[in-house]
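Commentary on secondary and tertiary structure
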Amino acid sequence: MTPVSSKQYADDVSLLMVLIDTNPLFWSSTTTPFSFSKFLSQVLSFLNSILLLNQLNQVVVIATGFNSCDYIYDSSLGHANQRAEALLQKLEEFVIKDEELNKEDSVDGIGSSLLSGSLSMALCYIQRVFRSGSLHPQPRILCLHGSQDGPGQYVAIMNSIFSAQRSMVPIDSCVIGSQHSAFLQQASYITGGVYLKPQQLDGMFQYLTTVFATDLHSRSFLQLPKPVGVDFRASCFCHKNTIDMGYICSVCLSIFCKHHKKCSTCG
Amino acid sequence: MTDAQVVKRAKYKSSVKDPGVRGILKMTRERFVFMPNDPTLPVRLNVEFRLIKGHKSSKEGSNRPALLNLTQDQGNYIFEFENFSDRELCRDFVAKAITSSGEVGGPTSEKAVPLKDEQLSSAEMERRIKLLQEDSELQKLHKQFVIGGVLSETEFWATRKKLLDVNASRKAKQRVGLKSDMIFNVKPSSDGQSNRVTFNLTPEMIHQIFAEKPAVRQAYLNFVPNKMTEKDFWTKYWRAQYLHSTKNIVAAAAEAAEDEELAVFLKQDAILASETRQKIRKVDPTLDMEADEGDDYTHIPGHGLAIETTKDEMEAQYEPYKRSFLQDINRHAAVVLEGRTVDVETGDTRSVAEALASSKRIELAKEASDGNVHQERLDRITRMAEIEDLQAPRDPPVAPLCIKDPRDYFDSQQVQLGGTRQVKSRLSTSEAYGSLRVYISEIRNIGLSDPIVKPEVAIKVFNVLTQNISSSKYQLGKNPHESILDTLPSVTKEELLLHWTSIQELLKHFWSSYPITTSYLYAKVSRLKDAMSQIYPKLQEIKESVQSDSRHQVSLLVQPMLQALDAAFAHYDLDQQKRSAKSGEKPNGYV
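Residues numbered from 1 in each chain as written. Chains lettered and ligands numbered in written order. Predicted model: local features only at pLDDT ≥ 70, side-chain atom pairs only at ≥ 80, totals over all residues. Heavy atoms only, no water.

With respect to the overall build of chain B
Going by this rule: Secondary structure counts use DSSP, requiring at least four H or I residues in a row for a helix and at least two E residues in a row for a strand, with both numbered from the N terminus. Throughout this description, buried means an accessible area under 20% of the type-specific maximum (1.4 Å probe, protein chains only), exposed means over 50%, and partly exposed covers the range between. In these tables, accessible area is a Shrake-Rupley quantity obtained with a 1.4 Å probe, and a residue counts as shielded only by the protein chains included in the view.
In terms of regular secondary structure, chain B is built from 23 helices and nine strands. Counting over 591 residues, chain B shows a buried share of 32%. Of the roughly 38300 Å² of accessible surface on chain B, 53% is carried by carbon and sulfur atoms.

Some details on the side chain of Thr501(B)
Selection rule: Here, residues are in contact when the closest pair of their heavy atoms is within 4.5 Å.
Following the sequence through the fold, Thr501(B) ends up in helix H21 (residues 490–512). Not counting residues within four places of it along the chain, the set of residues in contact with Thr501(B) comprises Glu137(B) and Leu141(B).

A closer look at helix H7 (residues 204–212) of chain A
H7(A) sits mainly inside the fold: seven of its nine residues count as buried. All buried positions along H7(A) are accounted for by Met204(A), Phe205(A), Gln206(A), Tyr207(A), Leu208(A), Val211(A) and Phe212(A). Buried-residue contacts for H7(A) involve helix H2 (36–53), strand S4 (138–145), strand S5 (171–175) and strand S6 (195–196) of chain A together with helix H19 (455–466) of chain B.

Quick look at the nonpolar core
Which entries qualify depends on this criterion: For the purposes of this section, nonpolar cores are sets of buried Ala, Val, Leu, Ile, Met, Phe, Trp, Tyr and Cys residues that join through side-chain atoms within 4.5 Å.
Ranked by internal contacts, the top residues of the largest apolar core, which has 51 residues, are Phe39(A), Phe46(A), Val61(A), Leu144(A) and Phe212(A). Here the element with the most residues in this core is H2(A); it accounts for nine residues. Apart from the residues within four sequence positions on either side, Leu144(A) is in contact with Val18(A), Leu19(A), Ile20(A), Asp21(A), Phe39(A), Val43(A), Cys174(A), Ile176(A), Met204(A) and Leu208(A). Core analysis: the next-biggest nonpolar cluster, separate from the first, contains 34 residues, Leu132(B), Leu138(B), Trp157(B) and Ile535(B) among them.

What about the packing of aromatic side chains?
Rule in force here: Stacked, tilted and edge-to-face pairs are distinguished by plane angle, under 30 degrees for stacked and over 60 for edge-to-face with tilted covering the rest, among Phe, Tyr and Trp rings (Trp via its six-membered ring) whose centres lie within 6.5 Å.
Enumeration according to the criterion identifies 11 aromatic pairs over all chains in this entry. Arranged with centres 5.2 Å apart and planes meeting at 85°, the rings of Phe510(B) and Trp511(B) form a pair that is edge-to-face.

Overview of the sheet that holds strand S1 (residues 5–13) of chain B
All names here are of chain B. This is how it is decided: A pair of strands is considered paired only if DSSP assigns at least 2 bridges between the two. In this description, a line fitted to the C-alpha atoms serves as the axis of each element, helices being fitted only across the stretch in contact, and the angle between N-to-C directions of two axes falls anywhere from 0 to 180 degrees.
Taken in spatial order, the seven strands of this open sheet run S4-S3-S2-S1-S7-S6-S5, and their pairing is antiparallel. Two strands lie at the open edges of the sheet, namely strand S4 (45–48) and strand S5 (52–57), each paired on one side alone. Put simply, the sheet's adjacent strands are angled 30° from each other on average, direction ignored. Inspection of the sheet shows strand S6 (residues 66–72) paired to strand S7 (residues 76–81) by six bridges, in the antiparallel sense. Directly across from leucine 70, in S7, lies its bridge partner tyrosine 77.

Considerations on the packing of H7(A) against H19(B)
Note the cut-off: Crossing handedness is defined as follows: a turn of the near helix away from the far one that is anticlockwise and smaller than a right angle gives a left-handed crossing, while the clockwise case is right-handed. Each residue receives one of three labels: charged for Asp, Glu, Lys and Arg, nonpolar for Ala, Val, Leu, Ile, Met, Phe, Trp, Tyr, Cys and Pro, and polar for the others, Gly being one of them.
Following both chains from N to C, one finds H7(A) and H19(B) inclined at 40°, their axes separated by 9 Å at the closest point. For H7(A) against H19(B), the interelement crossing comes out right-handed. Each of Gln206(A), Tyr207(A), Thr210(A) and Val211(A) in H7(A) lies in contact with H19(B), whose residues at this interface are Ala458(B), Val461(B), Phe462(B) and Leu465(B). By residue class, the composition of the contact of H7(A) with H19(B) is six nonpolar, two polar and no charged.

Considering the environment of Asp575(B)
Residues and elements named next belong to chain B. With respect to the helices and strands, the residue aspartate 575 is situated in helix H23 (residues 548–585). The class for aspartate 575 is buried, based on a relative accessible area of 18%. The spacing of aspartate 575 and proline 515 is 60 residues in sequence and 9.2 Å in space, taken between C-alpha atoms. Those residues in contact with aspartate 575 that lie beyond four places of it in its chain are Tyr514 and Ile516.

As for the pattern of salt bridges
What counts here: Put simply, a salt bridge is a Lys or Arg side-chain nitrogen that is within 4 Å of an Asp or Glu carboxyl oxygen.
For the structure on display, the rule yields five salt bridges over all chains. Note that Glu99(A) is salt-bridged to Arg437(B), the shortest N-O span being 2.5 Å. Of this pair, Glu99(A) sits in helix H3 (residues 83–101) while Arg437(B) sits in helix H18 (residues 429–446), which puts the two residues in different chains. With relative accessibility at 22%, the residue Glu99(A) sits in the partly exposed group. Here Arg437(B) falls in the partly exposed class, since its relative accessible area comes to 27%. The network of salt bridges with shared partners includes Arg140(A), Asp172(A) and Arg219(A).

Concerning the pairing of strand S1 (residues 14–21) of chain A
Residue and element names in this part refer to chain A. Counting buried positions along S1 gives eight out of eight residues, so the element sits mostly inside the fold. Pairing geometry for S1 and S4, over seven bridges, is parallel. Within S4, the residue paired with leucine 15 across the bridge is proline 139. Sheet topology note: the S1/strand S2 (residues 58–64) ladder contains seven bridges and is parallel. Paired with leucine 19 across the bridge in S2 is isoleucine 62.

Considering the sheet that holds S6(A)
Residues and elements named next belong to chain A. Within the open sheet, the six strands sit side by side as S3-S2-S1-S4-S5-S6. Their pairing is mixed. With one partner strand each, in any of the chains shown, strand S3 (69–74) and S6 form the two edges of the open sheet. Set on the sheet, H2 makes contact with S1, S2, S3 and S4; between it and S1 the angle comes to about 175°. Taken strand by strand, helix H6 (residues 182–191) contacts S4, S5 and S6, and its axis lies near 150° from that of S5.

Structure, rendered in structure tokens:
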């Protein structure tokens, strides 16, 4: 995409979209092994190192909230000296706004944050960059996600994944929650990104710099961790059992473990 | 092969490589005798077939020697023949001789008999040889097991009957239909001198006439032989035909008036007419025949055949004697298409006639039994010619939709995934937001932690991330066309594949011999088991021979083979135990 003649925007210039999960219920739950402030400290250091890697590198941070999503930082907008300050300021404002939007007082479990929304925002930003001219950095998306998948967002997330695939934007995922995220596994698999679930969360910074810091061009020379296997096996709709072989409705593609005369999903 | 003896020129060889001694081989039922051409040589043979246990022969090929190997308990006799046909002859003779001597010889050779007596036609032999030549893998297996003595030729092919049967299926018997020639094309041959006209009648023609003209058939059954002889009958028939061919309808009518029997042939066929009526009744009542008019030749007078210029002035009395050319053609076509309905030798005229008549009767009876035909017809008319205005509005058949909320599926799955690990939040949302804000202000006040990561943790993470880079696991699965086999040295790969096919072959025979009912099967199973246990250590060798890097992959490949073999061995041992337990109960050698 970048012309070879361009010296400024070489192929090692990145536009990194970072999606930070700010689900308050996730960060205050007991299973989270380390605090949000520790996490932020490591992520901010990582963002600084990205910006130091190449002068033209650009970082955009989007907060994935419980009720809303918003851009909380864009390195192209100045604040050269007080990046972290500006980011934290915005983040605090975002959290307050997110809380105002909240209607229910208690939620079962830790709920899920609006990954589909932040993914869409990231893709919109990338599209704007694409259209700004022929000279632009190589975009990629990094999801730092902790809360579980929201089944209601399934279609929206899949659509985002496919549009990312179409515009050749890899979605990297770093899952900090206790469970694997099937959505992000598929997102990274489909878009050719890296899926990682760190075991040592206090070494977060090390994971981020080792795996996610390199630009897309250099990535092809590296041996990055590959998923041992994405579990593509489906679960049957009737008993939710994971099955190797089953019956599929020819109309709505629902999966069943036994033969049914009539599809229970589409009738 | 009924000859009591066979005498052929052949060479006797003590081994395959031996140049051999020329001489005469003479075979009788009981024994074979070899006399060398040079009487001074000491290789005179005189062996009884009783001692011969089996025979093998070399494969047929242009540049190969035609060998026949007669096996004995100790040693064997190898003969080379001048050509393959001699060899074939001798082999068949030997096969017979062994069988018969085996029968005489008593139960000792009983085991071998059911297999060795298979008489192969040369065509079948050729087919097998061709199959072996075409399929190198098959040839390898054949060499390994049949020539290696693990399986007999028959056993080897028994599992591949399908391959051999390809030809047999092609020979499917097809019944010959009726000729599409029309009978009236039989031109009378006249000798030109006398006034006599001669028709040649064959059984085939009679059959066709009976099929096409039920009236003639009926007449034949009625008249012959009570009223007239068969010859008279056909004379009359051809006379009628002759009259008809002259197109002199008036003359025909006159003759018919005189001769009652002749009239039968000249008048229109009543049986045919009734059949036609029956058929017309079956035609879709909504079919508009008039609409089709003009589509074809029907509007051309004489149907495009300018033969019968219709004589409109023909009086009504001659009407029955008119027969249109087209009627004949149609009738003939119908009969030919119907095919041969009866399977009677066409030799006997009467039986043909009866068979045809009875088959027709059955058909008619069948139709008559369908009593609701008429009702069906009426239903059909009402259905086809329905008046829409008078019908109740009919909705298209619809199945009610019941669409489930997909959330049901995903939510329940989530619950299942989480299971007991599902952690309830301790805090309400407002508290959670509060704590989140606290965290943010905390970092704003304190700033970034220093150091960001503890060095020990960092090195731990780094090691975890890089430890597998050198492992082969990451080499695999990159290219879907690449398989583990391709990364192995080609010798190992071929060896693995060969072992795999041979194990499959052996297992196929092994399992097919269960349950063991005869002592022959018992011997076969133990033979197979020995062959399989020979492969077992070979697989281990392969596993150990490969480099440590890919050993895991190879063992993954070898594992299923070993498992299959283990299963077979386990079954064998179990069976063996049962067998010995049984024989303990029944000491009288129950097998």
